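# Structure at a glance
In case you want the letters, here they are:
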Amino acid sequence: MTEPAVIVDHVSKRFKLYKERNQTLKSAVMRRRKSVADEFWAVKDVSFEVPKGSTFGLIGRNGSGKSTLLKCLARILHPDEGSITMNGKAASLLEVGSGFHPELTGRENIYLNGSILGLAKKDITARLDEIIDFSGVGQFIDQPVKNYSSGMYVRLGFSVAIHVKPDILVVDEVLAVGDGAFKKKSREKFREFTNSGRTVILVTHSLAQVREMCDQVAWLNKGELQAVGPAKTVTKQYQEYLDAQDG
Amino acid sequence: MSYVKELAATRELLANLTIREVKGQYRRTFLGQLWSLINPLATMLVYTLVFLFLLRFEPPPGDPSGVEGYPLWLMCAMLPWTFFTRVVNGGLTSVVSNANLIKKVYFPRMHLPLAVMASTAVTWSLELSVLAIVLMLFGAMPIPFIPVIIVFMALLALFAVGLAMMLAILNVHFRDTQHFTGIVLQMWMFLTPIIYPLEFVERRAEQVGQWVLDLYRLNPMERFVAVFRNLLYDNRLPAWDDSIYCLAAALIVFLLGYLTFSRNEKRLAELL
Ligand SMILES: Nc1ncnc2c1ncn2[C@@H]1O[C@H](COP(=O)(O)OP(=O)(O)OP(=O)(O)O)[C@@H](O)[C@H]1O
Ligand SMILES: [Mg+2]
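In this report, we go over the structure that sits alongside the text. (Residues numbered from 1 in each chain as written. Chains lettered and ligands numbered in written order. Predicted model: local features only at pLDDT ≥ 70, side-chain atom pairs only at ≥ 80, totals over all residues. Heavy atoms only, no water.)

With that out of the way, let us pick up helix H5 (residues 150–163) of chain A. All names here are of chain A. Look at H5: 20 Å from first C-alpha to last across 14 residues, which is about the 20 Å you get at 1.5 Å a residue. The buried fraction of H5 amounts to 11 of the 14 residues, a majority that puts the element mostly inside the structure. Turning to H5, its buried residues number three or more, namely Met152, Val154, Arg155, Leu156, Gly157, Phe158, Ser159, Val160, Ala161, Ile162 and His163. For H5, the secondary structure elements touched by its buried residues are strand S5 (90–93), helix H3 (106–116), helix H4 (121–135), strand S6 (168–172) and helix H6 (180–195). One or two steps after H5, the chain reaches Lys165, where phi turns positive at roughly 50°. (Helix = DSSP H or I, 4+ residues; strand = E, 2+ residues; numbered from the N terminus. Expected span 1.5 Å × (residues − 1). Buried < 20%, exposed > 50% of the residue type's maximum accessible area, 1.4 Å probe, protein only. Contact = heavy atoms within 4.5 Å.)

Take a look at the structure:
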């Protein structure tokens, strides 16, 4: 292993919590009289490194800060403390098809979404057939996407994101959608992806999937890093923790 | 400066967002892009009726163009004004209405108000071309002035988007902004000599005092409207002081909008 693809260095992210947040001038004036909003640390002092060409998993219970950390990696949120270093071009897939415009056709949306994810037009054109083929939406590609089934929507969005070919792909629970055949197809695509020296960071609640796909895993608990290491050991610790919680 | 570089590097995204705005706007309408012409025509009809038949006001013929008629005189100022309000209203809501995108993907957020500006400029160019053709049918000759018209279109666009960017940030904190702006823009229009001539105000100022006119003419939109009327209706170059006032207003407001927006854009995802 040479230099790491991602370095997460003592990252913390804080949210302000307001009792009511309806964002009007009136409520701001009212708020002024109350004490300042509560602070909530969704991610607390997390550090780890992700080796190049590996698949890295993030696990933890609901609300443990996985999505918040991923959003920091994707530059959507900015950490209040610490820093994140990305060695290479990153793209994120937090919710599939989030950049789609319902009235535009699938083909037009590929260009729109591709450029949101940072791909130049000529590169999208070069990969267009591949993207359409992988998505499997067939002749619906020239229909407005609002006529798509939710599965088709997801498949097209995933297909665009994976064909953007970033150096680092950040994925939040998108493999949970799509039918069995598509899941299998996308898993193969991920493998192809990491084999070419690219890095995947993903969040999932399926421990079976983590064991199968990930090389290394970080376990977050209430925003803090509980353990980081090889997938097998960390998932085993996490499983034991979950079992203990049940009892 | 690095933010400018990032905007430049992702300019294809701006192009695509603009296409999204232009295409999405009139999808599934029978008349499509024609709607962008029907709307100004309808306003023109209303004001023409009021001013021509009720108030019996006739604007002076264009000097030196010689064109006459309230509808033409009105539209030469009304089109720049509607462009301004569309950019301000659209740009101000562009951040909030794209909350889903902002929370899910990273891209320089300034492309959202900029795309509203660009897409509105596309429809505006169409409207102005139609107006120019009509003006020519009535004897005016705006063609030699096209380069100057384009310069002032760009200045007005900068002025409008600068204001829109400041308001867009404010709107994230207080959603009152968009409602409030609607009212302010309405009042602003009546404080600008669009449907009536500046002479009305000048005459009043003679009675009340010069300060009324001075105060009235602080409004940058008054200058923009005068410039576009000079270029389109009169077919002459605008006055130097008006031109410089427009340039200064556009640059200052755009710079303020740019700074406000780029300073706040990092925290937009969590505020929405
Ligand atoms: N914009 C926000 N403002 C305030 N609190 C937030 C915000 N976003 C997330 N949180 C809080 O941060 C905590 C972590 O949320 P996060 O979405 O990261 O959890 P998660 O690990 O992804 O959970 P899940 O497994 O359910 O997806 C939660 O308590 C959530 O309420
Ligand atoms: Mg989550």
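Read on for the rest.
Right, let's talk about the site of ligand 1 for a bit. All names here are of chain A. Around ligand 1 sit 14 residues in total, of which Gly63, Lys66, Ser67, Thr68 and His205 are the nearest. A distance of 2.8 Å separates an oxygen atom of ligand 1 from a polar atom in the backbone of Gly63. A distance of 2.8 Å separates an oxygen atom of ligand 1 from a polar side-chain atom of His205. Secondary-structure elements contributing two or more residues to the shell around ligand 1 are strand S1 (4–17), strand S2 (38–51) and helix H2 (66–73). When residues of the shell around ligand 1 are assigned to their parent elements, the largest contribution, three residues, is made by H2. A per-class count over the shell around ligand 1 returns four nonpolar, seven polar and three charged. (Near = heavy atom within 4 Å. Polar contact = N/O pair within 3.5 Å; in protein donor to acceptor, adjacent residues only side chain to side chain. Nonpolar A, V, L, I, M, F, W, Y, C, P; charged D, E, K, R; others polar.)

A word on the pattern of salt bridges. Counted under the stated rule, the structure contains 21 salt bridges over all chains. Between Arg267 of chain B and Glu270 of chain B there is a salt bridge, with the nearest N and O atoms lying 3.4 Å from each other. For Arg267 of chain B, a relative accessible area of 40% corresponds to the partly exposed category. By sharing partners, the salt bridges in this structure join Lys13, Arg14, Glu39 and Asp80 of chain A together with Arg267 and Glu270 of chain B into a single network. (Salt bridge = Lys/Arg side-chain N within 4 Å of Asp/Glu carboxyl O.)

The relation between two aromatic rings is expressed through the spacing of the ring centres and the mutual angle of the planes. What the rule picks out here adds up to 25 aromatic pairs over all chains. Measuring from centroid to centroid gives 6.3 Å for Phe51 of chain B and Phe57 of chain B, while their planes differ by 80°, and the two rings are edge-to-face. Take Phe51 of chain B and Phe57 of chain B: they sit in the same class, and that class is buried. Above the face of the Phe134 of chain A ring, Lys185 of chain A is positioned so that its terminal group lies 5.0 Å from the ring centre. (Phe/Tyr/Trp six-rings, centres within 6.5 Å; stacked < 30°, edge-to-face > 60°. Lys NZ or Arg CZ within 6 Å of the ring centre and 35° of its normal.)

As a further point, take the interface of chain B and chain A. Across the boundary between the two partners, chain B contributes 27 residues, which contact 33 residues of chain A. Approximately 2,600 Å² of surface area, both sides summed, lies buried where chain B meets chain A, with 55% of it carried by carbon and sulfur atoms. When the buried area of chain B at its contact with chain A is split by residue, Lys104, Tyr106 and Glu270 of chain B rank highest and sum to 23% of it. Our count for the chain B to chain A interface comes out at two salt bridges. Put simply, Glu6 of chain B and Arg75 of chain A hold a salt bridge, and the shortest N to O gap is 3.6 Å. (Buried area = accessible area lost by both parts, 1.4 Å probe.)

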